[in-house]
Amino acid sequence: MDTKKLASALIPDTDLLPLEEYERMYPPRDLKKGAEVTRLAPSPTGFIHLGNLYSALADERIAHTTGGIFYLRIEDTDEKRRVEGAVESVIRSLKYFNVNFDEGAEIDSPLNSYGPYYQRRRAAIYRAFAKDLIERGLAYPCFCTEDELNKVREEQTANKLITGYYGEYAVCRNLTEEQIYANLAAGKPFVIRLKSQGSTQNKLTFRDRIKGEITVTENDQDVVILKSDGIPTYHFAHAIDDHFMRTTLVIRGEEWLSSLPVHIELFKVLGFPMPAYGHTCSLMKVDGGTKRKLSKRKDPELSLDYYRRAGYYPVAVVKYLMTILNSNFEEWERKNPEADYTQFKFTIEKMGKSGALFDLDKLNDISKTELSKLSAAQMYDFLNGWVQEFGTDSDRAHFADRAYIESILALIMGIGGKKRRKDIERAEQGVRLIAYFFDDAFAPDRSWRFDADTVNAVISSFAALYDPADDNQAWFAKVKEVAAQNGFAAEMSDYKADPSKFKGSVADVAEILRIAITGMPNSPDLCTIMGILGRDRCLARMNAAMLN
RNA sequence: GGCCUUGUGGUCAAGCGGUUAAGACGGAGCCCUCUCAAGGCUCAAUCCCGGGUUCGAUUCCCGGCAGGGUCACCA
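The notes below deal with the structure included here.

Notes on the protein's contact with RNA strand B
Here is step 1 of the chain: Around RNA strand B sit 67 residues, and of these Glu 75, Gly 352, Ser 354, Ala 510 and Asn 522 come closest.
Here is step 2 of the chain: The set of elements that each furnish at least two residues to the surface near RNA strand B consists of helix H6 (146-158), strand S7 (212-217), strand S12 (290-293), helix H11 (314-325), helix H13 (360-372), helix H21 (506-518) and helix H22 (526-533).
Here is step 3 of the chain: When the residues that make up the surface near RNA strand B are grouped by side-chain class, the tally is 20 nonpolar, 21 polar and 26 charged.

Right under this line is the structure:
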C-alpha cells in the first residue's frame, strides 16, 4: 500500500510543517539542573475541585521549589465540555488559594513561547505527526461506526474477552487500498487509529515517582489518535504537548494509570523521550460504610466554591492539603511555626500512595489555628471580604464600623492575652459568633438554671453596683458581692467545701449575668464584653432579661 | 469479570527484619478557671487473614480477603 499517498488523502492539510521544524520551534528549556516543568491541564468545564487543587498544589510546589516552571494548558479537545469563562475561573480559583502559574493559557507572561496553550489551536501539530505515523504505516483510518463498535464490545463482553479494538477485532486495520478509497469517496467519516505494535503478553516495570515500581502490560489496542473531527484524543495530544512543551514531570490522578500503556507506546512511535510521571491517589470519603472517590455530583465539599462560601481561610485549605500531600509537613510546621508553607521542602517521593479520606475535623482544626494567628485588622479584612460577598445586608451594616468590629475581634481572639483563643473557624461562623454585639442581631436564648426570683434578684443587685469604669478586678469583686448578697458562694473553695450551704457559686452568678448580657451561657470575658457594649446597652439588656 | 493498585488506632500517618509501634486530628478524663475557648497533663485505641523464609517478622516471599481505579471518537 502506498502509505504516503494514503496520508495525503487522509490529511490533505497544507499548513503542516516538517516535523523537525516543531523541534526547532519548541526547543528544550534552558533551566538549571533538577528544575521540573509541571503543568495543570484541565478541560475547560470551569469546574475545578479540591482534587484539582490537590494536584495543582503538588505541581506548583515541585516546580517552584526546584526552580522550574508551572504552566496551564487547556485540554479543549472535546467541544461538548467547553464552558464560557472557564479558563478565567480556573485561574481565579487557584489564585485564591495562592496557586499561580508561570505561563500558559490566559497567563500574561514573557515565558509563553511554548504555546498555543489551547489544544484546539494546536491542531496542525497533531495532524502533522498523525500524518507521519500514517506514512510510516503506524496508523490507519477506521470507518467503523459507533453502533458497530458497540456491537463488537457486547460480543466481547458476552464471551468474557477483553473489550476494545485490537487484533482480529481491529477490522479496519486490514482494509485494502480499494476499500479505503471507496469509503473515502463515499464520504464516510473516519478516525485515525494507532496500529499498535504491542502485545499484552509483554509486561514491563515502570517507575512512577509517587507509586514506585509498577508493572504495566504492553498496549495492544489500536486506540483512536485523531477523532472524526480531526482533533486528537487526550492520549495523542498528551504525548505531543508534554513533549513540545517540555514537561519534565506529569502529575495526574491515578485514574490515568490504566492508560499508561497507551502513552508509553505513543511516546515510543513518536520517538519522544518520556517525561517522569507521578500518579496521585484520589481524595475519598466514606459513604454508606465504604470508601469512595469524592464525586462532583454527590459531594458539595468537593467544590472549591464551597470553601469560599463557608469562609474557610484559603491558607488553611492549602495547609490541610499539604498535610495529606506530604505527611512530614505537619512536623515541619511545628518546628517552624513562623515560616511560610512555601519554605517547606516539598518532595514528590513523600506523597502518599493510598487514597486519603477527606477529614473535615482536621481542616477545621487547621483553619482555627491559622485564623488565630491574625491581627484584629487582618481578621477584620478577612471577615469583611466574606461579608461583602456572601453576607446579609445586616452583616454589611455591622461591618461598616471597623473600629467596633476590631474591638470585638481583639476580645474574641484573645489578642493581648497569654494565649490566643481559637473561636473563629471560618468567616461565616465567625460572623455569626459576634451577632450578640449588635442589637438587631441579638437573639437571646435565656435558658436560666435558676427560678425567676433568683435571676431577678441577682441581676438587679448587680445593676445597682455596676460601674462601667470598673476594671476586670473591680468588676469581678462586684460579682462576688452580688453572690454573697443572694446566698451564693463568693469563693469557689467555700462552695466546693460544702455546696449544700449555698444556692450556687460565683460561677452561677456570672452565668446569670452572662445570659442577660449575651443571651448565652458561654462567652469570652464578660467584663470586656460589657465594656464593648457600653453602659446603656448593658443596662437595657439586664432590664430586658428581668422582665420574663 | 480482565488488568493495575492499596491495606499500621475512628481519621491522616511515621516506622520497612529485633521499637515500650512516633506524632497530629477526633474521643474520654484531670488541671487551670466567672462560663466557654485556649493551654498543660493523662488515658483509651492500630500492624487485614493464612502460610512460608528467618533465631526473630508490622516490616521479605506466596496465597487469600477487603478497598480503590480502569476497561469511549471524555478528559
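Having seen it, we continue.
Observations concerning the sheet that holds strand S2 (residues 69-72)
Here is step 1 of the chain: A sheet is described by the order of its strands in space; here three strands give the open sequence S1-S2-S3, paired in parallel fashion. Edge strands, defined here as strands with exactly one partner in the open sheet, are strand S1 (37-40) and strand S3 (103-104).
Here is step 2 of the chain: With four bridges joining them, S1 and S2 adopt parallel strand pairing. Bridging from a neighbouring strand, Arg 39 pairs with Tyr 71 of S2.
Here is step 3 of the chain: Helix H3 (residues 50-66) rests against S1 and S2 of the sheet, and its axis sits at about 155° to S1.

Observations regarding the pairing of strand S6 (residues 203-208)
Here is step 1 of the chain: In terms of residue burial, S6 counts as a barely covered element, since only zero of its six residues are buried.
Here is step 2 of the chain: Strand direction decides the pairing type here: S6 and S7, joined by six bridges, are antiparallel. Paired with Lys 203 across the strands is Thr 217, a residue of S7.
Here is step 3 of the chain: With antiparallel pairing between neighbouring strands as the criterion, S6 and S7 make up a hairpin whose turn holds three residues.

Parameters and conventions
Note that residues are indexed from 1 along each chain, following the sequence as it is written. All chains are assigned letters beginning with A, and all ligands numbers beginning with 1, in the order in which they are written. Note on the predicted model: pLDDT of at least 70 is required for a residue's local features to be given, and 80 or more for side-chain atom pairs to be given and counted; whole-chain, interface and lining totals, by contrast, use all residues. Here is the check we use: build the C-beta atom from the backbone, and if it is within 6 Å of the molecule or strand, call the residue near. To qualify as a helix, a DSSP run of H or I must reach at least 4 residues; to qualify as a strand, a run of E must reach at least 2; elements of each kind are numbered from the N terminus. Under this grouping Gly is polar, as are all residues other than the nonpolar Ala, Val, Leu, Ile, Met, Phe, Trp, Tyr, Cys and Pro and the charged Asp, Glu, Lys and Arg. Strand pairing is assigned whenever DSSP identifies at least 2 bridges connecting the two strands. We call two residues in contact when their backbone-placed C-beta atoms lie within 7 Å. Every axis corresponds to a line fitted to the C-alpha atoms, with the helix fit spanning only the stretch in contact, and the corresponding angles, defined between N-to-C directions, vary from 0 to 180 degrees. Remark: C-beta atoms are placed from the backbone, and a residue is labelled buried if 20 or more other C-beta atoms sit within 10 Å of its own, exposed if 12 or fewer do, or partly exposed between those counts.

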